[in-house]
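Coordinate inspection notes
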Amino acid sequence: MKFVLNGASTEVKAHPMARLLDVLREDCGLTGTKEGCGEGECGACTVLVDGEPVCSCLIPVAQVESADVVTIEGLGDDHPLQHLFMNEVGAQCGICTPGMIMAAIRLGATPTLDDIKIALAGNLCRCTGYSAIYRAVLKWKGMPPAPSRAEGTVR
Amino acid sequence: MKTAISGLDVRSAASLGEALTVMRDDQRTPIAGATDLYVALNFGTLEPRRFLDIWAVKELRDISMNGSTLVIGALATYTSLIRSPLVARHLPMLVEASRQVGGPQIQNRGTLGGNVANASPAGDSLPVLAAADAVIVLRSADAERRVPITEFYTGYRATVMRPNELIVAIEILPIEGKQWFRKVGTRAAQAISKIVVAGVRAAAPRIAFGSVAPTVVRVPETERSLAAGATIDEAALVLSREIVPIDDIRSTAEYRMRVATNLLRRFWAETG
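Worth saying up front: this structure is predicted, and the values here are computed from it rather than measured.

Each value, and the rule that gives it
Residues numbered from 1 in each chain as written. Chains lettered and ligands numbered in written order. Predicted model: local features only at pLDDT ≥ 70, side-chain atom pairs only at ≥ 80, totals over all residues. Contact = placed C-beta atoms within 7 Å. Helix = DSSP H or I, 4+ residues; strand = E, 2+ residues; numbered from the N terminus. Nonpolar A, V, L, I, M, F, W, Y, C, P; charged D, E, K, R; others polar. Buried ≥ 20, exposed ≤ 12 C-beta atoms within 10 Å, placed from the backbone. Arc of directions from axis to C-beta. Axes fitted to C-alpha atoms, helices over the stretch in contact; angles between N-to-C directions. Parallel < 35°, antiparallel > 145°, perpendicular 65-115°, else oblique. Left-handed = near helix turned anticlockwise from the far one by under 90°. Pairing = 2+ DSSP bridges. Core = buried A, V, L, I, M, F, W, Y, C linked by C-beta atoms within 7 Å. Domains from an automatic or database assignment.

Quick look at the interface of chain A and chain B now. With 27 residues of chain A at the interface, the matching set in chain B holds 24 residues. Here the element with the most residues in the side of chain A that touches chain B is strand β4 (residues 52-55) of chain A; it accounts for four residues. Looking at side-chain class alone, the side of chain A that touches chain B contains 14 nonpolar, eight polar and five charged residues.

Right under this line is the structure:
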């Protein structure tokens, strides 16, 4: 099984039905990707496959043959969005953080708060109440901060 | 994960021809986006052990027009449905339904053919397809046949599909009238529906509900009463006699009945 992992071509020996999540964590040693619910509800295991966010707990590794896979480790240790999650307190217990960042990382240049809420609609956080996460993403994109209590919701 | 994967056997198909040959000679459970199948795998409730991975069959991804018929390949993902100008023009209620399936991660993998094949009474796209009188195109190595969606489901999670068949496309004839979709769940994103409805407002209205019966259902008596000029109060009464929702882990029969009639009123008010 060959695919591109965080920019480097990678070969793993794994059962084709193994979850991408397990292959990343156990065969590739990349434990930044977290398992939350194991049913595609929480988004903690989000990685990019060919540039699109997906739940790695729901993907048989056979389906990433020749694909381009990016995990949280692929951003390096010094990505501005990582710093903003820390500085804006968008991370508390931290389990959702890698998935949140990977779900946000492909947002366009000038996302609205609604765009951000839609991009992160598949990611659950039980600590922050989301406001700090939205603040971190808005700041990363150079967008003005949201009102302290956001008016209305989408989705 | 509760299922031991060592006992699972999977083959991959690169083309439709290859996939249909495998299904003829060596019947297997198809896997596409795996967004339902891997939930069962993770829970340990997955029964099949032999699979055919069709995710790479590119020819089933197209969304196109055949004359005036909208043809959606079985492997079109929700994301591709949301982004498709053809779907936006001809079947906007499917765009709305697709936006409400899971979050972006699920929309990027889940497929329309998968939603049809999975046959959940709560499938978000199914009332849209029922209200649109969609035709499910089934193909085996030897033959192709077309089944109206209203005849596709025979009971809870049961369909007319034969073990050697794959869903290859969903066809939609031109629709006159305003389209409408609404899903009610516990929260807006990532929720399995308590009730879901799609409607087409025309001289002969077409209305379909999910999560009120073992399969997606049209409500022909309610449709006929509206077509004959009944008031919405009268039609709501007809609907309350026509559907028989149940209590389950996601909601109660009483709540579903109340919401179903409210949604019928909302449909009628917003499309009038």
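Our focus in this paragraph is helix α1 (residues 16-25) of chain B. Three- or four-residue spacings in an α-helix give side chains the same orientation, since the helix completes a turn every 3.6 residues. All names here are of chain B. Within the span of α1, buried status applies to A19, L20, V22 and M23. Here the buried residues of α1 occupy an arc of 160 degrees about the axis, which is enough to place them on one side. Exposed residues pointing more than 90 degrees away from the buried face of α1 are listed as G17 and D25.

Residues and elements named next belong to chain A. Between helix α2 (residues 80-87) and helix α5 (residues 131-140), whose axes approach to 9 Å, the crossing angle comes to 140 degrees. Relative to α5, the element α2 lies oblique. Seen along the crossing, α2 lies across α5 with a hand that is right-handed. Within the contact between the two elements, α2 uses P80, L81, L84 and F85 and α5 uses A136, K139 and W140. Classifying every residue of the contact of α2 with α5 by side-chain character gives six nonpolar, no polar and one charged.

We now examine unusual backbone geometry. Trans peptide bonds make up most of the peptide bonds, and negative phi angles are found at most residues other than glycine. Phi is positive for V89 of chain A, which is not a glycine, with a value near 60 degrees. In the Ramachandran plot, A119 of chain B falls in the positive-phi region, its phi being about 60 degrees despite a non-glycine side chain. Considering the arrangement of structural elements, one finds A119 of chain B in the loop between α7 (112-118) and α8 (126-131).

Moving on to the pairing of strand β12 (residues 195-201) of chain B. Residues and elements named next belong to chain B. The element β12 is largely enclosed, with a buried count of six among its seven residues. As paired elements, strand β11 (residues 178-184) and β12 share seven bridges and run antiparallel to each other. The partner of V184 across the bridge, within β12, is I195. Sheet analysis places β12 next to strand β13 (residues 206-210), joined by five bridges and oriented antiparallel. The residue bridging V197 from the neighbouring strand is F209, located in β13.

If you look at the biggest cluster of nonpolar residues, it comprises 126 residues, and the most contacted ones within it are A104 of chain A together with A19, V128, I136, I170, F209 and A260 of chain B. In terms of residues, this core owes the most to one element, strand β10 (residues 166-172) of chain B, which gives six residues. Residues within four places of V128 of chain B in sequence aside, it is in contact with M93, L94, A97, F181 and A198 of chain B.

Turning our attention to the sheet that holds strand β4 (residues 63-66) of chain B. Residues and elements named next belong to chain B. A sheet is described by the order of its strands in space; here five strands give the open sequence β4-β5-β10-β6-β7, paired in antiparallel fashion. Strands at the two margins of the open sheet, each flanked by one partner only, are β4 and β7 (144-148). Neighbour-to-neighbour, the strand axes of this sheet turn through a mean angle of 30 degrees, independent of strand direction. Note: strand β5 (residues 69-73) against β10, four bridges, orientation antiparallel. Looking across to β10, one finds that V71 is bridged to E171.

With that settled, the discussion passes to the environment of E254 of chain B. Structurally, the position occupied by E254 of chain B is in helix α12 (residues 253-271). Sequence separation between E254 of chain B and G229 of chain B is 25 residues; the distance between their C-alpha atoms is 27 Å.

Moving on to the domain arrangement of chain A. Residue and element names in this part refer to chain A. Splitting chain A by domain gives domain 1 (2-74) and domain 2 (80-140). Between domain 1 and domain 2, the C-alpha centre-to-centre distance is 20 Å. Residue-level contacts link 14 residues of domain 1 with eleven residues of domain 2. Its residues placed into classes, the side of domain 1 that touches domain 2 shows seven nonpolar, six polar and one charged.

Let us now look at the environment of D114 of chain A. Residue placement: D114 of chain A occurs in helix α4 (residues 113-119). Judged by the 13 C-beta atoms lying within 10 Å of it, D114 of chain A falls in the partly exposed class.

A few words now on the sheet that holds β11 of chain B. Residues and elements named next belong to chain B. Read across the open sheet, the four strands follow the order β11-β12-β13-β14; overall the sheet is antiparallel. Pairing within the sheet leaves two strands with one partner each, and these edge strands are β11 and β14 (217-218). The strands touched by helix α5 (residues 92-99) are β11 and β12; relative to β11, the strand with the most contacts, the crossing angle is about 15 degrees.

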